[in-house]
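An overview of the molecular structure
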Amino acid sequence: MTPRVFIDGNVGTVGLRIRQWLTGRREFQVVELPESLRKDLGARRDAIQSAQVAILCLPDPAAREAAEFALDHGVRVLDASTAHRVAPGWAFGLPELGASQRAEIARARAVSNTGCWSCATILLVKPLIDAGILSSDTPLHIHGLSGYTGGGREMIAKWEDPQRGLLTHVYEAPYALDKLHKHVPEMKHYGGLTRDPVFVPAVGPFACGMRVEIPLHGDLVPGIAGGKSIYEALETRYKDEPFVKVHAIREPLDSNESSFDPRACNDTNRIELRVLPHPSGHVLLMAILDNLGKGASGSAIQSLNLMLGLPEAAGLTP
């Protein structure tokens, strides 16, 4: 039988992108509800329980409820919310996390998709901790710039409201400065960190795209001068990964105002990693990705493919 996949919440930003990128796939059937039943609890429960895999693109409380509907009925779950990111018994949906991660995702009953900020942070930091370049208790500072779709429908409505004029902003707008960002627990848990990083996220006047920067102070991380060991650790880890590109170190740095455009990977499932050494001995780590691509929907489709025993890259643009 053709496997059935149901996307619960397919009109939100992540769910809509997943549905778009699954269009035309013939290896499974995407189950859809009529618009009139999209918010009907009984219809949603029945659709979830009729599927082999339920993809949840919902607020956290609704995702917890829908996950119970699925798991109690033997349906596998792929949750794009933050509800289960560090929950016991849930596999983390970032296939590039480690050597055994693909197998864990493939056999899991419950998979929690990565967040956009944490995807970039983990892929930059985890190989360095594993290689002994960074200590797990290194105090890190993370700065991120995202398109406004990263904040979901509420943020999209705010930024696209012509009365607010936010799309004419000529600067980024930091947010969540007075609270613990919901991606920090997974950054720590899967990144191998024991300290909360200083995380400063910001939004810019563009829809999609993301740039994450992690400066490493030469005094706190001895032996990183030139960044060669960092580059080698990242290149070794990701050399065979189709969706991770590690840029070679270029000295002197040849860059201009458009060299690090956060939109450079838009509409793809690619993430680009850079190691940028400074003459002072400090090093800047950088990642660029589509916050709705590799940072959300693309990673979810990678995990879905693995869960269904399909080629991991099927339906995705590197």
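This text gives an overview of the structure that appears in the document. (Residues numbered from 1 in each chain as written. Predicted model: local features only at pLDDT ≥ 70, side-chain atom pairs only at ≥ 80, totals over all residues. Heavy atoms only, no water.)

Some details on the sheet that holds strand 3 (residues 53-56)
Two modes of strand pairing occur in sheets, parallel and antiparallel, and in both the strands are linked by backbone hydrogen bonds. Ordered by their spatial adjacency, six strands build an open sheet running 2-1-3-4-6-5, and the pairing between neighbours is parallel. In the strand order of this sheet, the two ends are held by strand 2 (29-31) and strand 5 (91-93), each with one partner. For this sheet, the mean angle separating the axes of adjacent strands, direction not counted, is 25°. As judged from the three bridges shared by strand 1 (residues 4-8) and strand 2, these two strands associate in the parallel manner. Bridge pairing links Phe-6 to Val-31 in strand 2. Each of strand 1, strand 2 and strand 3 touches helix 1 (residues 13-22); the most contacted strand, strand 1, lies at about 150° to it. (Pairing = 2+ DSSP bridges. Helix = DSSP H or I, 4+ residues; strand = E, 2+ residues; numbered from the N terminus. Axes fitted to C-alpha atoms, helices over the stretch in contact; angles between N-to-C directions. Contact = heavy atoms within 4.5 Å.)

Some points on the packing of aromatic side chains
Throughout the structure, instances matching the rule amount to three aromatic pairs. Of note, Arg-45 hangs over the ring of Phe-69, and the distance from its end group to the ring centre comes to 5.9 Å. (Phe/Tyr/Trp six-rings, centres within 6.5 Å; stacked < 30°, edge-to-face > 60°. Lys NZ or Arg CZ within 6 Å of the ring centre and 35° of its normal.)

Looking at the environment of Leu-292
With respect to the helices and strands, the residue Leu-292 is situated in the loop between strand 13 (283-289) and helix 9 (293-307). Look past the residues within four positions of Leu-292 in its chain and what remains in contact with it is Thr-13, Val-14, Arg-17, Thr-149, Cys-208, Ser-297 and Gly-298.

Concerning the sheet that holds strand 10 (residues 210-216)
Here we have seven strands laid out as an open sheet, ordered 8-9-7-10-13-12-11, and mixed in their pairing. Where the open sheet ends on each side, the last strands, each with one partner, are strand 8 (173-174) and strand 11 (244-246). This element, helix 8 (residues 228-238), spans strand 10, strand 11, strand 12 (271-277) and strand 13 of the sheet and lies at about 150° to strand 11.

Observations concerning the pairing of strand 1
Counting buried positions over the five residues of strand 1 gives four, a clear majority of the element. Handedness of the crossover is the feature at issue here: the chain leaves strand 1, passes through helix 1, returns alongside strand 2, and the resulting connection is right-handed. (Buried < 20%, exposed > 50% of the residue type's maximum accessible area, 1.4 Å probe, protein only. Right-handed = clockwise from strand over helix to strand, strands pointing away.)

Observations concerning the state of the cysteines
Throughout the structure, instances matching the rule amount to zero disulfides. No disulfide involves Cys-265; its nearest neighbouring cysteine sulfur is the one of Cys-119, lying 11 Å away. On the accessibility criterion, Cys-265 (0% relative accessible area) is buried. (Disulfide = S-S within 2.5 Å.)

Things to note about the pairing of strand 6 (residues 110-113)
Burial of the side chains of strand 6 extends over both faces: Ala-110 and Ser-112 are buried on one face and Val-111 and Asn-113 on the other. Inspection of the sheet shows strand 4 (residues 76-79) paired to strand 6 by three bridges, in the parallel sense. Among the inter-strand pairings, Val-77 is bridged to a residue of strand 6, identified as Ala-110. Here three bridges tie strand 5 to strand 6, and the two strands are oriented parallel to one another. Counted as the bridge partner of Ala-91 is Val-111 from strand 6.

Some points on unusual backbone geometry
Following Glu-251, the chain continues to Pro-252 via a peptide bond in cis, the omega torsion being -5°. Here Pro-252 is to be found in the loop between strand 11 and strand 12. Of note, Ala-176 is a non-glycine position whose phi angle comes to about 55°, a positive value. The residue Ala-176 is located in the loop between strand 8 and helix 7 (184-191) in this model. Here Asp-267, not a glycine, exhibits a phi torsion of approximately 70°, which is positive. Tracing the sequence through the fold places Asp-267 in the loop between strand 11 and strand 12. Given a relative accessible area of 55%, Asp-267 falls into the exposed group.

A few points about helix 1
Among the ten residues of helix 1, seven are classified as buried, and the element is accordingly described as predominantly covered. Every buried residue of helix 1 is accounted for by Thr-13, Val-14, Gly-15, Arg-17, Ile-18, Trp-21 and Leu-22. Gly-24 lies just past helix 1 and shows a positive phi near 90°.

Quick notes on the pattern of salt bridges
Across all of its chains, the model carries 18 salt bridges by this definition. One salt bridge in this structure joins Arg-85 and Glu-186, with 2.9 Å as the shortest N-O distance. Placement of the pair is Arg-85 in the loop between strand 4 and strand 5 and Glu-186 in helix 7, with a sequence separation of 101 residues. Linking Glu-96 and Lys-294 is a salt bridge whose minimum nitrogen-to-oxygen distance equals 2.9 Å. (Salt bridge = Lys/Arg side-chain N within 4 Å of Asp/Glu carboxyl O.)

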